[in-house]
Amino acid sequence: MKDLKYKLTTGDYVFNSINYVVLTLFTLTCVIPFYYLFINTISDNTLVTKGLIVWLPQGIHFANYIQILKIDGLFNSVLVSVGRTVLGTVLTLVGTTFLGYAFSRPEFWKRKIWYRFVLITMYFNAGIIPWYINMKNLGLLNNFLAYIIPSIVAPFSLILFKTYVESIPSSLEESADMDGAGYMTKYARLIMPLSKPIVATLAVFSAVGQWNSFTDTLFLMTDPKYYSLQYMLYQYLNESNALADSLRQAAAAGSQVNLATVLTPTGVKMTISMVVVIPILCVYPFLQRYFVNGIMLGAVKG
Amino acid sequence: MVGFKRLLNQQGFRLFLMSSPLLILVFVFSYMPLYGWIYSFYDYKAGRDLFSTDFVGLKNFKMMFTDHYAVTNILRVMKNTLGMSFLGIVTSVFPMIFAILLSEIRNLRFRKTIQTLVTIPNFISWVLVYSIAYAMFSTNDGLLNRILINNGIRDEGINFLASGNHVWLTMLGYGIWKGLGWGAIIYIAALTNIDAEQYEAARIDGAGRLKMTWHITIPGLLPTFFVLLLLSIGNLLNNGMEQYFVFQNAMNKDSIEVLDLYVYNQGMVGYDYSFATAVGMLKSVVSVMLLFFANFLSKITRGESVM
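What counts as what
Residues numbered from 1 in each chain as written. Chains lettered and ligands numbered in written order. Predicted model: local features only at pLDDT ≥ 70, side-chain atom pairs only at ≥ 80, totals over all residues. Heavy atoms only, no water. UniProt positions renumbered as here; feature names shortened; annotations may be inferred. Helix = DSSP H or I, 4+ residues; strand = E, 2+ residues; numbered from the N terminus. Core = buried A, V, L, I, M, F, W, Y, C linked by side-chain atoms within 4.5 Å. Buried < 20%, exposed > 50% of the residue type's maximum accessible area, 1.4 Å probe, protein only. Contact = heavy atoms within 4.5 Å. Buried area = accessible area lost by both parts, 1.4 Å probe. Salt bridge = Lys/Arg side-chain N within 4 Å of Asp/Glu carboxyl O. Polar contact = N/O pair within 3.5 Å; in protein donor to acceptor, adjacent residues only side chain to side chain. Nonpolar A, V, L, I, M, F, W, Y, C, P; charged D, E, K, R; others polar. Phe/Tyr/Trp six-rings, centres within 6.5 Å; stacked < 30°, edge-to-face > 60°. Disulfide = S-S within 2.5 Å. Axes fitted to C-alpha atoms, helices over the stretch in contact; angles between N-to-C directions. Parallel < 35°, antiparallel > 145°, perpendicular 65-115°, else oblique. Left-handed = near helix turned anticlockwise from the far one by under 90°. pLDDT = per-residue confidence, 0-100. Patch = residues over 30% accessible without salt bridge, like charges linked within 9 Å, V, L, I, M, F, W, Y side chains within 5 Å. Areas by Shrake-Rupley, 256 points an atom, 1.4 Å probe, with all protein chains shown as cover.

Asker: Is there a simple way to explain the UniProt feature "domain: ABC transmembrane type-1" (unreviewed entry) in chain B in this structure?
Answerer: The sites that carry the UniProt feature "domain: ABC transmembrane type-1" (unreviewed entry) are, in the present numbering, residues 78-294 of chain B. This span, residues 78-294 of chain B, is 73% helix and 0% strand, and a straight line between its end C-alpha atoms measures 20 Å.

Asker: Explain the nonpolar core here, please?
Answerer: Among soluble globular proteins, nonpolar side chains are generally buried collectively. Judged by nonpolar contacts, the single largest core of 129 residues is most densely connected at Phe98, Phe245, Val246 and Phe247 of chain B. Tallying contributions element by element places helix 9 (residues 167-192) of chain B first for this core, with eleven residues. Those residues within four positions of Val246 of chain B in sequence are excluded, and the remaining contacts are Phe214 and Tyr234 of chain A together with Trp126, Val127 and Tyr130 of chain B.

Asker: Just to check I follow, could you spell out the interface of chain B and chain A for this structure?
Answerer: Each partner contributes to the interface: chain B provides 99 residues, whereas chain A provides 94 residues. Around 9,100 Å² of area is buried between chain B and chain A when both sides are counted, 74% of it from carbon and sulfur atoms. Together, Phe29, Phe123 and Arg146 of chain B form the three largest contributors to the area buried by chain B at its contact with chain A, with a combined 8%. Joining chain B to chain A, the criterion identifies one salt bridge. One salt bridge connects Asp12 of chain A with Arg209 of chain B, and the closest N-O pair in it is separated by 3.3 Å. Remark: the boundary between chain B and chain A carries 21 residue pairs in polar contact (both at pLDDT 80 or more). Sorting elements by how many residues they give to the side of chain B that touches chain A places helix 2 (residues 11-31) of chain B first, with 16 residues. In terms of residue class, the side of chain B that touches chain A is built from 66 nonpolar, 22 polar and eleven charged.

Asker: What am I meant to see in the packing of aromatic side chains here?
Answerer: The description of two aromatic rings rests on the distance between their centres and on the angle between their planes. Going through the model one piece at a time under the given rule, you end up with 37 aromatic pairs over all chains. Geometrically, the ring pair formed by Phe108 of chain A and Phe16 of chain B is edge-to-face, given 6.1 Å between the ring centres and 85 degrees between the ring planes. Here Phe16 of chain B lies in helix 2 and Phe108 of chain A lies in the loop between helix 4 (74-104) and helix 5 (111-123), a pairing that spans two chains. We classify Phe16 of chain B as buried; its relative accessible area is 10%. Taken together, the aromatic side chains of Phe103, Phe108, Trp109, Trp114, Tyr115 and Phe117 of chain A together with Phe13, Phe16, Phe27 and Tyr31 of chain B make up a single cluster linked through ring pairs.

Asker: Would you mind going over the UniProt feature "transmembrane region" (unreviewed entry) in chain B with me for this structure?
Answerer: Here the UniProt feature "transmembrane region" (unreviewed entry) sits at residues 12-32, 82-102, 114-137, 175-194, 214-237 and 273-297 of chain B. Here residues 175-194 of chain B is 90% helix and 0% strand, with 29 Å between the C-alpha atoms at its ends.

Asker: What is the right way to look at the state of the cysteines in this model?
Answerer: Structurally, a disulfide amounts to a covalent bond that connects the sulfur atoms of two cysteines. All names here are of chain A. Within the structure shown, the criterion is met by zero disulfides over all chains. Free cysteine: Cys30, not disulfide-bonded; nearest cysteine sulfur from Cys282 at 18 Å. Look at Cys30 and you get buried, because its relative accessible area is 1%. Judged by relative accessible area, Cys282 falls into the partly exposed class, the value being 44%.

Asker: Explain the packing of helix 6 (residues 128-137) of chain A against helix 14 (residues 259-269) of chain B here, please?
Answerer: Between two packed helices, both the angle of their axes relative to each other and the distance between the axes serve to describe the pair. Interaxial distance between helix 6 of chain A and helix 14 of chain B falls to 9 Å at its minimum, and their mutual angle equals 50 degrees. Here helix 14 of chain B runs oblique to helix 6 of chain A, going by the angle between their axes. Every residue of helix 14 of chain B that contacts helix 6 of chain A at Ile128, Ile129 and Tyr132 of chain A is listed here: Asp260, Val263, Tyr264, Gly267 and Met268 of chain B. A per-class count over the contact of helix 6 of chain A with helix 14 of chain B returns six nonpolar, one polar and one charged.

Asker: What should I look at first to understand the side chain of Asn19 of chain A in this one?
Answerer: Here Asn19 of chain A is to be found in helix 1 (residues 10-42). Apart from residues no more than four positions distant in its own chain, Asn19 of chain A is found in contact with Leu101, Glu104 and Ile105 of chain B.

Asker: Looking at this model, I keep getting lost on the packing of helix 9 (residues 170-178) of chain A against helix 10 (residues 183-194) of chain A. Mind explaining?
Answerer: All names here are of chain A. The N-to-C vectors of helix 9 and helix 10 enclose an angle of 155 degrees; their axes lie 11 Å apart at closest approach. Classified by the interaxial angle, the pair formed by helix 9 and helix 10 is roughly antiparallel. Classified by chirality, the crossing of helix 10 by helix 9 is right-handed. Of helix 10, the residues touching helix 9 (which contributes Leu172, Glu173, Ala176 and Asp177) are Lys186, Leu190, Ile191 and Leu194.

Asker: Is there a simple way to think about the confidence of the model for chain B in this case?
Answerer: A low pLDDT means the predicted coordinates there should not be read in detail. Residues and elements named next belong to chain B. Here chain B shows a mean pLDDT of 88. Residues at 70 or above account for 99%. Between the elements of chain B, mean pLDDT differs from a low of 77, seen in helix 1 (residues 2-8), to a high of 95, seen in helix 2. We note a pTM of 0.89 for the whole complex and an ipTM of 0.88 for its interfaces.

Asker: Help me understand a nonpolar patch on the surface, please; the structure alone is not making it clear to me.
Answerer: A surface patch of nonpolar side chains, amounting to about 320 Å² of accessible area, comprises Val82, Val86, Val90 and Val94 of chain A. Looking at the secondary structure, you find Val82 of chain A in helix 4.

Asker: What am I meant to see in unusual backbone geometry here?
Answerer: Apart from glycine, the bulk of residues carry a negative phi angle, and the bulk of peptide bonds sit in the trans form. Residue and element names in this part refer to chain A. Positioned with a positive phi, Lys110 is a non-glycine residue whose angle comes to about 55 degrees. When you line up the elements, Lys110 lands in the loop between helix 4 and helix 5. Note on Lys110: relative accessible area 46%, which makes it partly exposed. Its identity is not glycine, yet Asn142 carries a phi of approximately 50 degrees, on the positive side. Here Asn142 shows up in the loop between helix 6 and helix 7 (145-148). Asn142 gets classed as partly exposed once you look at its relative accessible area, which sits at 26%.

Asker: Looking at this structure, how should I read the pattern of salt bridges?
Answerer: When their charged atoms lie close together, side chains carrying opposite charge are able to pair. Throughout the structure, instances matching the rule amount to 13 salt bridges over all chains. The salt bridge partner of Lys186 of chain A is Glu173 of chain A, with a shortest N-O separation of 3.7 Å. With a gap of 13 residues between them, Lys186 of chain A in helix 10 and Glu173 of chain A in helix 9 connect regions that are remote in the sequence. Across the pair, exposure class does not vary: Lys186 of chain A and Glu173 of chain A are buried alike. Residue Lys283 of chain B pairs with Asp260 of chain B through a salt bridge whose shortest N-O separation is 2.7 Å. Here Asp260 of chain B lies in helix 14 and Lys283 of chain B lies in helix 15 (residues 273-302), a separation of 23 residues in the sequence. Comparing Lys283 of chain B with Asp260 of chain B shows no difference in burial state: the two are buried. Salt bridges linked by common partners bring Arg105, Glu107, Glu173, Asp177 and Lys186 of chain A together as one network.

What follows is the structure in structure tokens.
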């Protein structure tokens with residue numbers, strides 16, 4: 001990075017100003033949508049319907065978030081999404097890092113061949129129909145395992161981890177060898193503790209991937225029991241009017257309700273969107289600094 | 001037997017055995033689907049046993065090139081696929097430009113904040129992007145239309161989402177919005193690797209900022225750019241389907257349907273497994289050829305392979 005001090009010319013000032021403006025504008029387009037969704041979900045729903053909530057929230061309430069979990073199947077889909085994210089991430093980390101560690105050992109039997117065997121799958125796949133047929137033959141349609149088992153070995157993460165392990169001084173492993181440690185011991189007691197930063201990066205990749213995954217539900221699951229949050233969101237984006245009507249009727253039947261806090265079609269869409277995005281917004285900024293390092297370590301060279 | 005026993009005594013072989021359950025998983029989920037290619041040689045009907053249906057040989061492949069209806073559709077879909085991939089490649093300089101602009105910001109806190117915020121869209125799903133597009137641009141609830149109407153600029157909202165015009169450009173726009181910050185990270189990483197002494201030397205020689213960017217920064221980033229560019233050749237046909245699936249509607253269907261989405265629509269929606277498999281199979285084969293081509297290009301231009 002250039003951080004040299006020198007006198008600024010007029011041209012520099014012009015460039016700097018334009019640069020600040022351009023970057024700020026683009027940043028705003030990345031932030032405003034989330035803000036807009038958020039203020040609409042916490043504002044008086046009658047005002048939202050009239051289109052009056054544009055810059056600031058009014059009549060703040062959090063009833064939307066409570067009501068939305070009462071919608072049929074929505075709470076269940078939160079469980080599915082959380083479940084696949086947690087289990088999927090743990091299994092991917094264990095599987096991918098162990099294989100990555102194994103591939104970092106030069107004595108691995110036919111290492112080059114097996115490493116290629118795994119890497120090729122990044123670039124080549126049979127296509128979606130054969131993939132679907134395969135999953136069907138394995139009995140993974142309408143099966144929660146379909147979310148977590150296929151992702152256990154993640155080739156891209158494997159490259160990152162292998163590269164990282166190779167940068168650990170080999171003398172450390174040699175001294176563990178002297179103490180008579182086997183592969184499992186070295187992996188669990190030596191490699192994993194030394195690899196925390198890269199493991200954190202891979203955990204985020206995997207968790208975000210699991211949380212955001214949509215097409216696997218679309219292809220494999222017909223039983224609403226296995227619908228993920230993303231899939232529910234997609235459904236509501238396409239057919240939320242009917243749903244909100246029924247909500248409204250149910251609410252009106254209970255009489256004495258405050259219309260300002262009764263879910264509307266718009267409210268349903270926006271609130272589910274926020275439920276989907278809030279976990280990411282909460283976790284991401286804290287882990288962001290790892291990415292640059294993680295990416296630098298091995299993304300370009302396989 | 002003796003050979004196997006000797007193998008068992010080797011540490012490396014034991015390590016292989018310990019890893020084998022994971023290698024089997026890779027085989028089961030990435031190699032076994034290849035068996036499904038057999039469907040393209042049959043006239044498969046959904047719900048029936050494959051081998052009770054007719055073996056038709058290359059009929060499904062011939063159809064792609066001779067059947068008038070299929071040819072028209074495939075040409076249309078290929079145009080969309082290549083068109084959008086091409087626009088993606090042309091705009092792949094944006095992350096590099098963005099990284100350079102960002103590096104010109106002296107205020108460290110401002111720079112970090114921007115970098116964090118513009119990367120967020122990368123971490124949300126396409127469904128959510130669609131939801132956000134809906135919140136921003138829909139006729140009734142869209143922020144843009146609300147501003148236009150509330151300020152009396154227009155009486156009625158414009159339905160940006162249902163428009164069949166400029167679909168390629170809007171899809172490109174969403175792609176850039178989602179991917180720019182993330183794409184820039186690799187260049188930001190590359191920027192830190194450029195030797196600061198080069199800048200110092202250039203300063204002493206009287207180079208201004210523009211000159212330093214042109215003669216030091218850009219050449220420093222180009223190798224990274226070329227690697228990514230070459231890889232994108234291998235991915236020419238793989239623009240995925242999620243984005244186009246969530247954004248497709250009756251108005252834009254003709255120009256949004258890319259190869260992957262076409263295969264999905266033919267196979268999973270239209271139940272024409274055999275034909276869809278044949279199309280997908282040809283796509284996979286062409287993709288691998290493109291990848292080898294990209295690798296070959298990389299070898300002759302950089303003396304290094306990308307794979």
